[in-house]
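Residue-level structural notes
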Amino acid sequence: MSAPYPESPAGTYGWRPIVIIASLFFIIGFVTWLNGPLITFVQVAFDLSTVSAFLVPMCFYFSYLLFPVPATMLAQRTGLRGGLVIALVILSAGIAIFGECVSVRWYPGALGGLFVIGAGLSLLQVTINPYVTLLGPPQKAAQRIAIMGVANKLAGIVAPIVLALLVMRNINDIALRVKAAPDAGARDHILDQFAHAVQAPYLIMALILLVTAVGLARSSLPEIDISTPEEEDAVAEEKDPKRGPAYLWFGVACMFLYVGTEVMAGDAIGAYGASLGLPLDQTKFFTSLTLAAMMCGYILGMFLVPRVFSQERYLGLSAGCGLVLCALTWLTHGYVSVMCVALFGFANAMILPALFPIVIREVKERSAQATAMLVMAFSGGAVLPQIFVQTMPFLGVQNAFVALMAPSYGLIILYDIMIQRRGRSRPAPVMMVES
C-alpha cells in the first residue's frame, strides 16, 4: 500500500522543479499567444484576406499533428533535460526565421517559421505536460498544471500588449494609409516600414531562448520516466482491453475540440470583434482580455480542486460554463458579445489541467502513447479557426462561432459523465484527508 499523498501539490521533489518548469511555461505562453495579434498584424502587413491571415494559427497548430510522435521518441532517448534544451533551440530558430521573413514580407517563409516554432513547442509539450502530471501526487495534478497555466497565461496577457506597443502602434492608421496609397509602390513602401518593425523584437526573443537553453542544460531537475508512471493507487485497476482504447480516443477527441475552442476564444477574438465593426486599434488587445479571464479561472481552480471539487467534477462544470457563454455570446452584440467571448477564457482555464491527467490516468499502461496523441490533438487549434473563418461569410460571425463552440463543450461534458460513472464503479485510492 502506498503512503498517503502529501498535501502540497509540489510532492516530494519540492517547489524548485515547479518554479523551473513554470518559467518554461511562461516562454511557451509568450510565444503561443502572440498568434492572436499576429493575425491582425500579418493581415495588414501582407495585405491579406481574413482567410489567408488565419493561416497563422493553422500552420502553427498543424505542426502538433506531425511532430509529437517523433518528439516523444526523441524525449525518451535524450531524457527530460536534453529534450527541453533541444526544444528551446528549435524554438529559437523558428522565431528567428519568422522575424526575418516578416521583415522582408515573405509570407510563405513566415508561415514556415511558425511551423518550426510549432515543432519546438511539440517537443516541449510532449515532455513537460506528463512531467508536471507525474511530479507529485496524482489527485493534485490539476493544481500543478493550473500553476503552469498561470505562468502560461500571464505571459499570454503580456505578449499581445508588448507586440501591440512595439510593432502595432497606429495599425488602424496604417491600414487607412495603405487603402489611400496612390499606387502599388507607395503602398509597398508603407507596408515595408510597418513589417520591418518585427525584426528586432523577434531576434531578441530568439537570443533569450538560446540563453534559457544554456541555463536549463546546467540546471538540475529530477529525472522522471514519462513512459512508465508510478502506480499510485492502493488497489490495482481492472484492465479491460476494449475499454482502454475507447477512453483514450474519446479523451483525445475532447482535447482536439478543447484546444480549438481555446484558440477560437484567444486568437480569433480579434477577427470576431473586427467583424462586428470594432476598430483595429482596439481589437489588437482583445487576446489579452481572454487570457486575463483565463488567469482568473486558473487561480480559482487552484483553490477549488481538489478541496471542493474533484478534477472530474470541475471538468464538467467548466464545460457547462462554456455552454452558458455560448448562449450569451449568441444573444448579445458589439462589445458585450466580445466580452462574452473573452470570458470563454475563464471557462476554458481548468479544462486542460483536468483533462490531461484524467486521460493519462485512465490509460496509464500506455501513457507515452497517450501523451503523444494528446499533444497531436493540439492540432485542433489549426482546424476549428479555419472552419470558423470559412463559414463566417455564410452563417454570420456569431452563428459560426457558436456553432463550433457549443458542440465541443457538449462532447467534453459527455466524456466527463462517462469518466465519473466509471469512477463510481471502482474502489477509491487511499488519500490523506484535507484539513
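Okay, so let's go over this structure. Everything numeric in this text was worked out from a predicted model, so none of it was measured.

With 21 residues, helix α15 (residues 311-331) ought to run about 30 Å at 1.5 Å a step, and its terminal C-alpha atoms sit 31 Å apart, in line with that. Among the residues making up α15, those that are buried are Q311, E312, Y314, L315, G316, S318, A319, G322, L325, C326 and T329.

Attention now goes to empty space enclosed by the protein. Following the criterion strictly, the structure yields two cavities of 30 Å³ or more and no others. Roughly 260 Å³ of internal volume is contained in the largest cavity. Lining of the largest cavity is provided by 18 residues; of these, Q125, N152, K153, E262 and L352 occupy positions nearest its centre. The greatest single-element share of the lining of the largest cavity, amounting to four residues, is contributed by helix α7 (residues 141-167). Of the residues in the lining of the largest cavity, the class split is eleven nonpolar, five polar and two charged.

The subject of this paragraph is the packing of aromatic side chains. What describes a pair of aromatic rings is the distance from one ring centre to the other and the angle between the planes of the rings. Going through the model one piece at a time under the given rule, you end up with 14 aromatic pairs. Centre to centre, the rings of F309 and Y314 are 5.9 Å apart; their planes meet at 50°, and the pair counts as tilted. Look at F309 and you get partly exposed, because its relative accessible area is 27%. With 5.8 Å between their ring centres and 55° between their planes, F344 and F401 make a pair best called tilted. With F344 in helix α16 (residues 334-348) and F401 in helix α20 (residues 397-424), the pair connects residues that are 57 residues apart, well separated along the chain.

What counts as what
- Residues numbered from 1 in each chain as written.
- Predicted model: local features only at pLDDT ≥ 70, side-chain atom pairs only at ≥ 80, totals over all residues.
- Heavy atoms only, no water.
- Helix = DSSP H or I, 4+ residues; strand = E, 2+ residues; numbered from the N terminus.
- Expected span 1.5 Å × (residues − 1).
- Buried < 20%, exposed > 50% of the residue type's maximum accessible area, 1.4 Å probe, protein only.
- 1 Å grid on protein atoms, 1.4 Å probe; cavity = no way out; pocket = protein on both sides within 12 Å on 5 of 7 lines; lining within 4 Å.
- Points joined across faces, edges and corners; volume = space filled by probe spheres on them.
- Nonpolar A, V, L, I, M, F, W, Y, C, P; charged D, E, K, R; others polar.
- Phe/Tyr/Trp six-rings, centres within 6.5 Å; stacked < 30°, edge-to-face > 60°.

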